[in-house]
Amino acid sequence: MAQFTSDGLALAYDEFGPADARKAMVLVHGFSSNRYENWKRMGWYDAIVAKGLRGFALDCRGHGESAKPHDPALYDRAAMAHDVFNLLDHAGVERAHLLGFSMGAHIALTAALMDGGRIDHLVVAGVGGRIFDPPREPGAMAKAMEAASPDEISDPMLKSFRHFADEQKEDRLALAACSRGGRTELTRDALMAIRRPTLVIAGARDQLAGPPQGLADAITGAKAVTIPGCDHFSMIAHGLFKASVFDFFDGWLE
């Protein structure tokens, strides 16, 4: 298992594809997932290698094989965005495409606001217009992770995240702390500062994300793609998701 240190935390990552590739790409997974489940098992590693890209996928702090502190202060999304840049520094990579899914998309957007010059193309998936909605119930995800049993959780979506975390044998207290971590305010005005080629992708049935065009409209020149028939989770493995990303990189996406 490869590791790098960021903010004093040991974070796990995979590297794949040709080391001398002209372009690199970093993958950032969603909440309660990990680099294997979100990306490798869903065919993304193989697809990136087939495109001749140098790929990197990290386990975000609190997830997978990375350090799992229980302090919410260590899960500020700006700090998690710094993890992406520290991975690039560790690998000796100056610029890369950046793909984030769900929580990873929030981290990717934060990274683009912090240091967009190191990002070639930005892809944010599993997010859409609902990113601008106020939280339905602040702290609900953390409480779902802290519940003694999934049977205590009434909200079906929160219960599904809890079941997934249990299936992945994740540290639920670390996930609760991550859920409580500080966020960079992603307002429409703030996102106007992003000046990278950007693609927003969401499933047509993704009620967590909402329509991707609603987010794309807030980012200058951003494109939006809706993957038919998919909800928040089923989109990850869909061939149209991969095809849209690579078409975007190659300049073919209209």
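Here, the structure is the one placed above.
A. Representation of the pattern of salt bridges within the structure. Taken as a whole and judged by the stated rule, the model has 16 salt bridges. Residues Arg61 and Asp83 are paired through a salt bridge, measuring 2.8 Å at the closest nitrogen-oxygen approach. Taken together, the residues Arg61 in the loop between β4 (54-58) and α3 (77-91) and Asp83 in helix α3 connect sequence positions 22 residues apart. Residue class for Asp83 comes out buried when judged on its relative accessible area of 1%.

B. Geometry of the environment of Gly100. On the secondary structure map, Gly100 appears in strand β5 (residues 96-101). Judged by relative accessible area, Gly100 falls into the buried class, the value being 0%. With 73 residues separating them in the primary sequence, Gly100 and Leu27 have C-alpha atoms 5.9 Å apart. With sequence-adjacent residues up to four places away left out, Gly100 is seen in contact with Val28, Ala105, Ala108, Val123, Val124 and Ala125.

C. Local environment of the side chain of Arg77. One can find Arg77 in helix α3. No salt bridge is formed by the buried Arg77. Its closest oppositely charged neighbour is Asp76, at 7.6 Å. Polar side-chain contacts of Arg77 include one of 2.8 Å to the backbone oxygen of Tyr75. In this structure, Arg77 is in contact with Met103, Ile107, Thr110, Cys178, Gly181, Gly182, Arg183 and Thr184, ignoring residues within four places of it in sequence.

D. Structural view of the nonpolar core. Of all hydrophobic cores here, the largest spans 59 residues; its most connected members are Val26, Leu98, Leu109, Leu122, Val124, Leu191 and Leu215. Ignoring anything within four residues of it in the chain, the contact list for Leu191 reads Leu109, Leu113, Phe132, Leu186, Leu215, Ala218 and Ile219. Counting residues in each nonpolar core, the second largest holds 28 residues, with Met42, Leu99, Val225 and Phe249 among its members.

E. Representation of the environment of Arg205 in the model. Tracing the sequence through the fold places Arg205 in the loop between β7 (198-203) and α9 (213-216). Judged by relative accessible area, Arg205 falls into the exposed class, the value being 60%. Separated by 74 residues in the primary sequence, Arg205 and Ile131 have C-alpha atoms spaced 16 Å apart. If near-sequence neighbours (up to four positions away) are discounted, Arg205 is found in contact with Gly229, Cys230 and Asp231.

F. Seen up close, the packing of aromatic side chains. Counted under the stated rule, the structure contains 9 aromatic pairs. Note on Phe246 and Phe249: the rings are 6.2 Å apart at their centroids and 70° apart in plane angle, and the pair reads as edge-to-face. Separated by 3 residues within a single helix, Phe246 and Phe249 lie in helix α10 (residues 239-250), roughly one turn from each other. Of the two residues examined, Phe246 and Phe249, each falls in the buried class. Ring geometry for Phe248 and Phe249: centres 6.3 Å apart, planes at 40°, overall tilted. On the accessibility criterion, Phe249 (13% relative accessible area) is buried. Above the ring of Phe132, the side-chain terminus of Arg188 is found at 4.1 Å from the ring centroid.

G. Local environment of α10. Taking 1.5 Å of rise per residue, 12 residues should cover 16 Å, and α10 covers 16 Å from first to last C-alpha, within 8% of that figure. Within the sequence span of α10, burial applies to Phe241, Lys242, Ser244, Val245, Phe246, Phe248 and Phe249. Considering only its buried residues, α10 is in contact with β3 (24-28), α2 (44-50), β5, β6 (119-125), β7 and β8 (223-227). Backbone geometry just downstream of α10 places Gly251 in the positive-phi region, at approximately 80°.

H. Region of interest: the pairing of β3. Most of β3 sits inside the fold, with 5 of its 5 residues counted as buried. Every second residue of β3 is oriented toward a common face, with Ala24, Val26 and Val28 on one face and Met25 and Leu27 on the other, all of them buried. Bridge analysis of β3 against β4 gives 5 bridges, and the strand direction is parallel. Residue pairing across strands places Ala24 opposite Arg54, the latter belonging to β4. One ladder, built from 4 bridges, connects β3 with β5; its direction is parallel. The residue of β5 that forms the bridge with Val28 is Gly100.

The rules behind these values
Residues numbered from 1 in each chain as written. Predicted model: local features only at pLDDT ≥ 70, side-chain atom pairs only at ≥ 80, totals over all residues. Heavy atoms only, no water. Salt bridge = Lys/Arg side-chain N within 4 Å of Asp/Glu carboxyl O. Helix = DSSP H or I, 4+ residues; strand = E, 2+ residues; numbered from the N terminus. Buried < 20%, exposed > 50% of the residue type's maximum accessible area, 1.4 Å probe, protein only. Contact = heavy atoms within 4.5 Å. Lys, Arg positive; Asp, Glu negative; His and termini not counted. Polar contact = N/O pair within 3.5 Å; in protein donor to acceptor, adjacent residues only side chain to side chain. Core = buried A, V, L, I, M, F, W, Y, C linked by side-chain atoms within 4.5 Å. Phe/Tyr/Trp six-rings, centres within 6.5 Å; stacked < 30°, edge-to-face > 60°. Lys NZ or Arg CZ within 6 Å of the ring centre and 35° of its normal. Expected span 1.5 Å × (residues − 1). Pairing = 2+ DSSP bridges.

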